[in-house]
Amino acid sequence: MHTSATDERRRPPPQLVVDGLTAGYGGATVVDDVSFTVGPGEVVALLGPNGAGKSTVLKAMVGQARITAGSVLLGGIDITSVRPHLLAGMGCGYVPQYRDVFDELTVRENLEMGGYLLGKEAIAKRIDDAMEVFPALAGMMDRPARKLSGGEHKMLAIARVMMSRPTLMALDEPTANLAPILGRRLLDEQIRAVVRSGAAVLLVEQRAAAALSVADWAYLLVAGRVVRSGHPAELRAQADFAEVFLGGGDATTAARNTSDVRA
Ligand SMILES: Nc1ncnc2c1ncn2[C@@H]1O[C@H](COP(=O)(O)OP(=O)(O)O)[C@@H](O)[C@H]1O
Ligand SMILES: [Mg+2]
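Residues numbered from 1 in each chain as written. Chains lettered and ligands numbered in written order. Predicted model: local features only at pLDDT ≥ 70, side-chain atom pairs only at ≥ 80, totals over all residues. Heavy atoms only, no water.

Visitor: Please give an account of the site of ligand 1 that cites residues and values.
Guide: In the vicinity of ligand 1, the residues found are Tyr25, Val30, Pro49, Asn50, Gly51, Ala52, Gly53, Lys54, Ser55 and Thr56. At a separation of 2.8 Å, an oxygen atom of ligand 1 approaches a polar side-chain atom of lysine 54. Serine 55 places a main-chain nitrogen or oxygen 2.9 Å from an oxygen atom of ligand 1. Split by residue class, the shell around ligand 1 holds four nonpolar, five polar and one charged. (Near = heavy atom within 4 Å. Polar contact = N/O pair within 3.5 Å; in protein donor to acceptor, adjacent residues only side chain to side chain. Nonpolar A, V, L, I, M, F, W, Y, C, P; charged D, E, K, R; others polar.)

Okay, structure coming up:
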């Protein structure tokens, strides 16, 4: 049995450092003093019940929620108050849960948009690269995104962000609209491929079991706070965590049981 401290020392030096992040909307604080790190080539899962503030953490990182305290460092550079449109150029990739592609544009046009910072030749080369990672898309380059299946749609969303070669890839519930088996495949194949590019992967998921199977490290967010973190094997072995988050039951029960799962 590994201790958390031992495992933590085996993690790579972080690419992303979120420190004491407090953020919300208008005057309301949704996430409070949240700290976590993601190393290059690591998949870090941010788990938690519906409404815990997982999406808000990502939105705060990309300038879509208001940060009132704390900092976000990417590759040692403070991006806390960098304007959203500059973030992609600084290596920050984000795949939102909804509105993640342009439905009226074709697959090719979506990929070209993802590479808008690049020259024409580089775009063509990276589209070729993307087709190797996402071969399912190769035969449908001229198809409008709205005609893709759920799984193809999510692959395109990831491929589009990969066009800019992000050093951080933050994904908000990429499996949410997929059948379990397709969600599993997306995590096992496509997310792994993103990791092989060397990016730090921050994976927000409500499906804890599936996320833990692909993650190198995980944080549990409940009611806007990180209440636990550890190696997936360690979290799985904790009876209370397993019961609440891996039982396949209603994850929102956890919100009512915050004190039970707080480490
Ligand atoms: N745009 C918004 N304006 C105001 N409140 C919001 C907004 N988005 C989310 N919230 C609130 O923030 C809380 C956390 O939401 P969210 O970050 O989406 O949680 P999760 O992704 O973990 O399900 C919820 O109470 C939600 O109602
Ligand atoms: Mg969410």
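Visitor: Just give me the short version of the pairing of strand β4 (residues 66-74), but keep the residues and values in it.
Guide: Two elements, strand β1 (residues 16-25) and β4, share seven bridges in a ladder whose sense is antiparallel. Counterpart to threonine 22 in the pairing with β4 is alanine 69. With antiparallel pairing between neighbouring strands as the criterion, β4 and strand β5 (residues 77-78) make up a hairpin whose turn holds two residues, including glycine 75 at a positive phi of roughly 55 degrees. (Pairing = 2+ DSSP bridges. Helix = DSSP H or I, 4+ residues; strand = E, 2+ residues; numbered from the N terminus.)

Visitor: Can you tell me about the nonpolar core, naming the residues and giving the values?
Guide: Core analysis: the biggest nonpolar cluster contains 50 residues, and Leu47, Leu111, Ile158 and Met169 have the highest contact counts within it. Considering each element in turn, this core owes the most residues, seven residues, to helix α7 (residues 150-162). Those residues in contact with methionine 169 that sit more than four places away from it in its chain are Gly93, Val95, Ile158, Val161, Met162, Val194, Ala200, Val201 and Leu202. (Core = buried A, V, L, I, M, F, W, Y, C linked by side-chain atoms within 4.5 Å. Buried < 20%, exposed > 50% of the residue type's maximum accessible area, 1.4 Å probe, protein only. Contact = heavy atoms within 4.5 Å.)

Visitor: Go over the sheet that holds strand β10 (residues 225-230), please, and point to the residues and values.
Guide: Strand pairing in a sheet is mediated by backbone hydrogen bonds. Such pairs are either parallel or antiparallel. What the six strands build is an open sheet, ordered β6-β7-β8-β3-β9-β10; its pairing is mixed. Each of the sheet's edge strands pairs with one partner strand only, and the pair in question is β6 (92-95) and β10. The average angle at which neighbouring strand axes cross in this sheet is 20 degrees, direction not considered. Sheet analysis places strand β7 (residues 168-172) next to strand β8 (residues 200-205), joined by five bridges and oriented parallel. Opposite leucine 168, over in β8, you have alanine 200 as the bridge partner. Against the sheet, α7 engages β6 and β7, with an angle of about 165 degrees to β6. Each of β3 (43-47), β7 and β8 is contacted by helix α8 (residues 180-196), which is oriented at about 150 degrees to β8, the strand it contacts most. (Axes fitted to C-alpha atoms, helices over the stretch in contact; angles between N-to-C directions.)

Visitor: Quick rundown of the packing of helix α4 (residues 107-114) against helix α5 (residues 120-133)? Include the residues and the values.
Guide: Relative orientation of the contacting elements α4 and α5 amounts to 120 degrees, with a least axis distance of 10 Å. Comparing the axis directions of α4 and α5 gives the class oblique. Here the hand of the crossing between α4 and α5 comes out right-handed. Touching Arg108, Leu111 and Glu112 of α4 are Ile123, Ile127 and Met131, all from α5. Among the residues making up the contact of α4 with α5, the classes are represented as four nonpolar, no polar and two charged. (Parallel < 35°, antiparallel > 145°, perpendicular 65-115°, else oblique. Left-handed = near helix turned anticlockwise from the far one by under 90°.)

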